[in-house]
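Here's the letter readout for the chains.
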Amino acid sequence: AKLDEAQSKLRQVQDKIAKLEEDFNQAVAKQTELQDDMNLCEVKLERAHKLIGGLGGEKARWGQNVLDLKAQAELLPGDCIVAAGMVSYVGPFTAGV
């Protein structure tokens, strides 16, 4: 009887150990998964910082481009008058060639 009781307690302890080992393995797997996710997030964050830094330079470049185009737009009417004058001046000479 004492042997059966001792074996029963041993089985209970072994079952509890098996359950704890299973829980431990699941926790380790979860930890590994979370570590991988954290590494991926760090890579994404680094890429985002690089992208934001690059776009900051693009903003300055586009701002200068806008200023250049506005300056050229102010000169456009004069350029059109010069071009029209040149076409009307050269027009008779090219007809006889």
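The structure we're discussing is the one just above.
So, here is what we can say about the structure in this document.

Conventions used here
- Residues numbered from 1 in each chain as written.
- Predicted model: local features only at pLDDT ≥ 70, side-chain atom pairs only at ≥ 80, totals over all residues.
- Heavy atoms only, no water.
- Helix = DSSP H or I, 4+ residues; strand = E, 2+ residues; numbered from the N terminus.
- Rg over C-alpha atoms; globule rule 2.2 N^0.38 Å.
- Areas by Shrake-Rupley, 256 points an atom, 1.4 Å probe, with all protein chains shown as cover.
- Lys, Arg positive; Asp, Glu negative; His and termini not counted.
- Charge placed at Lys NZ, Arg CZ, Asp CG, Glu CD.
- Salt bridge = Lys/Arg side-chain N within 4 Å of Asp/Glu carboxyl O.
- Buried < 20%, exposed > 50% of the residue type's maximum accessible area, 1.4 Å probe, protein only.

Attention now goes to the overall build of the protein chain. The helix and strand tally for the protein chain stands at one helix and zero strands. Relative to its length of 97 residues, the protein chain is extended, with a C-alpha radius of gyration of 40 Å against a globular reference of 13 Å. With respect to the principal axes defined by its C-alpha atoms, the protein chain has extents near 130 × 30 × 15 Å. Accessible area of the protein chain: about 8,900 Å², with a carbon and sulfur share of 65%. Placing the 12 positive and 15 negative side-chain charges of the protein chain at their respective mean positions leaves the two points 5 Å apart.

Moving on, we get to the pattern of salt bridges. Taken as a whole and judged by the stated rule, the model has four salt bridges. With a shortest N-O distance of 3.9 Å, K9 and E5 are connected by a salt bridge. Remark: E5 and K9 occur in helix α1 (residues 2-95); sequence separation between them is four residues, near one turn of the helix. The salt bridge partner of D23 is K19, with a shortest N-O separation of 3.1 Å. Of the two residues, D23 and K19 both sit in helix α1, four residues apart, roughly one turn of that helix. For D23, a relative accessible area of 31% translates into the label partly exposed. Owing to a relative accessible area of 47%, K19 belongs among the partly exposed residues under this scheme.

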